Amino acid sequence: MTVDWKNRIYSPCPPHPPIPPSPHPPISPIPPSPMPNSKTVVSPAWLFEHLEDPQVVIVDCRFSLANSQLGKQQYQTSHIKGSYYLDLNQDLSSPVAKHGGRHPLPDPNDIANKFAAIGINYQESLVVAYDDSRFAFAARLWWLLRYLGHEQVAVLDGGFSGWQKAGYPVTDVIPQPRMGKFVPQLQTEKVVNITAVKSRKDRPDVVLVDSRESDRYRGEREPIDKIAGHIPGAVNYPWQEVTDSSGYLLPEAEQRHRWENLETAQEILVYCGSGVTACVNLLSLELAGINKGKLYAGSWSDWISYL
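Given the structure is predicted, the values throughout are model-derived calculations rather than measurements.

Draft legend 1. Examining the overall build of the chain more closely. In terms of regular secondary structure, the chain is built from 10 helices and 10 strands. When contacts within the chain are restricted to residue pairs at least 6 apart in sequence, those whose partners lie at least 24 apart make up 76%.

What follows is the structure in structure tokens.
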């Protein structure tokens, strides 16, 4: 059966029952709840038990597009014990240029040095990323580490709010630097530029996904970029639908159901406004067991820079 992806707009799927937990103990150090047998997400309970584990590096990714200093201020006031702070603008992106979008990918060597300075050892440390924005920024770090070849990375389910609601302690003590060794190995197949998007987006086996809110996709509202609308041919899968309203990931069954019409695509090119929240959809694709997602890093803000 052929699916008409090009004329389809995604709407929220009806709820599905969660997958029951396995009766067998997990073989991974990461617990099965809430994502069974997943190394992509950890629970607050698991992280609390591993706060003193030298192999675990916790990274606070809180940020606000409306106030670029807010995330760091929140971190300095209160954070999970032992966590380091990485800033979307200063650390997880490179300086803005004429093209490349509002959050260009960081220089691989620069970000590798920053990873090493907080104790991340390449392909050895387990990095746990959290934010307080339904993975909007933690997923960027999750994707970046994988793009640089480091697979040992997970996000904290529920984020900082979930940690607090569970009653776990916070602190304002900034941890001392920890020296690690991080030598990046770029996984270039995980990213595409505007040239690749233009040449491949209209192929029958390629799907272009716009991750922004539906009204921004339709061009009815544009609070950030100078031009409203979307890339011709794109379908809309808003990134917020990966989680519930409290910031917890939906069960794997729902993640799979969400993408079921795209399973036969050979490539899924994912973008948002600037290559940040698109990573939440890439996280969702990973949870759904679909490994064909690629980030258009410059996203809409890069696309319109050529118009």
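What follows picks up the thread again.
Draft legend 2. Geometry of the layout of surface pockets. In this model, the largest pocket occupies a volume close to 310 Å³. By residue class, the composition of the lining of the largest pocket is 10 nonpolar, six polar and six charged.

Draft legend 3. Inspection of the pairing of strand β7 (residues 206–210) at higher detail. Among the five residues that make up β7, five are buried, leaving the element largely enclosed by the rest of the structure. Judged by which residues are buried, β7 turns out to be covered on both faces: V206, L208 and D210 on one side and V207 and V209 on the other are all buried. When β7 meets strand β9 (residues 267–271), the two strands line up parallel, connected through five bridges. Residue pairing for β9: V207 is matched across the bridge by I268. For β7 and strand β8 (residues 235–236), the ladder comprises two bridges, and the chain directions are parallel. Each residue of the ladder has a partner; that of D210, found in β8, is N236.

Draft legend 4. Spotlight on the pattern of salt bridges. Summed over all chains, the structure comprises 18 salt bridges. Across the pair E151 and R146 runs a salt bridge, and its minimum N-O distance is 3.0 Å.

Draft legend 5. Structural view of the confidence of the model for the chain. Here the chain shows a mean pLDDT of 90. Residues at 70 or above account for 88%. Taken as a whole, residues 1–37 scores under 50 in pLDDT and shows 65 contacts with residues more than four places along the chain or in a different chain.

Draft legend 6. Region of the structure containing unusual backbone geometry. Look at R134: it is not a glycine, yet its phi comes out positive at around 60°. Considering the arrangement of structural elements, one finds R134 in the loop between β4 (126–130) and α4 (138–147). Taking relative accessible area as the criterion, R134 reaches 26% and is therefore assigned partly exposed. Positive phi, normally seen in glycine, also occurs at F135, with a value near 75°. Using a relative accessible area of 2% as the deciding quantity, one classes F135 as buried.

Draft legend 7. Fine view of the environment of L105. As for its placement among the helices and strands, L105 is situated in the loop between β3 (84–85) and α3 (108–117). The spatial distance from the C-alpha of L105 to the C-alpha of R140 is 9.9 Å, given a sequence separation of 35 residues. Excluding residues within four positions of it along the chain, L105 makes contact with S93, S94, R140, W143, L144, Y147, V191 and A297.

Draft legend 8. Representation of the sheet that holds strand β5 (residues 153–156). With parallel pairing, five strands are arranged side by side in an open sheet as β1-β5-β4-β2-β3. Pairing within the sheet leaves two strands with one partner each, and these edge strands are β1 (41–42) and β3. As defined by bridge partners, strand β2 (residues 56–60) adjoins β4 across five bridges and the pair is classed as parallel. Looking at the pairing, D60 lines up with Y130 of β4.

Draft legend 9. Quick peek at the side chain of K294. Locating K294 in the fold gives a position in strand β10 (residues 293–296). A distance of 2.6 Å separates a polar atom in the side chain of K294 from a polar atom in the side chain of E267. In contact with K294, not counting residues within four places along its chain, are E189, K190, V192, R200, E267, I268, L269, V270 and L282.

Reading the values: rules and limits
- Residues numbered from 1 in each chain as written.
- Predicted model: local features only at pLDDT ≥ 70, side-chain atom pairs only at ≥ 80, totals over all residues.
- Heavy atoms only, no water.
- Helix = DSSP H or I, 4+ residues; strand = E, 2+ residues; numbered from the N terminus.
- Contact = heavy atoms within 4.5 Å.
- 1 Å grid on protein atoms, 1.4 Å probe; cavity = no way out; pocket = protein on both sides within 12 Å on 5 of 7 lines; lining within 4 Å.
- Points joined across faces, edges and corners; volume = space filled by probe spheres on them.
- Nonpolar A, V, L, I, M, F, W, Y, C, P; charged D, E, K, R; others polar.
- Buried < 20%, exposed > 50% of the residue type's maximum accessible area, 1.4 Å probe, protein only.
- Pairing = 2+ DSSP bridges.
- Salt bridge = Lys/Arg side-chain N within 4 Å of Asp/Glu carboxyl O.
- pLDDT = per-residue confidence, 0-100.
- Polar contact = N/O pair within 3.5 Å; in protein donor to acceptor, adjacent residues only side chain to side chain.

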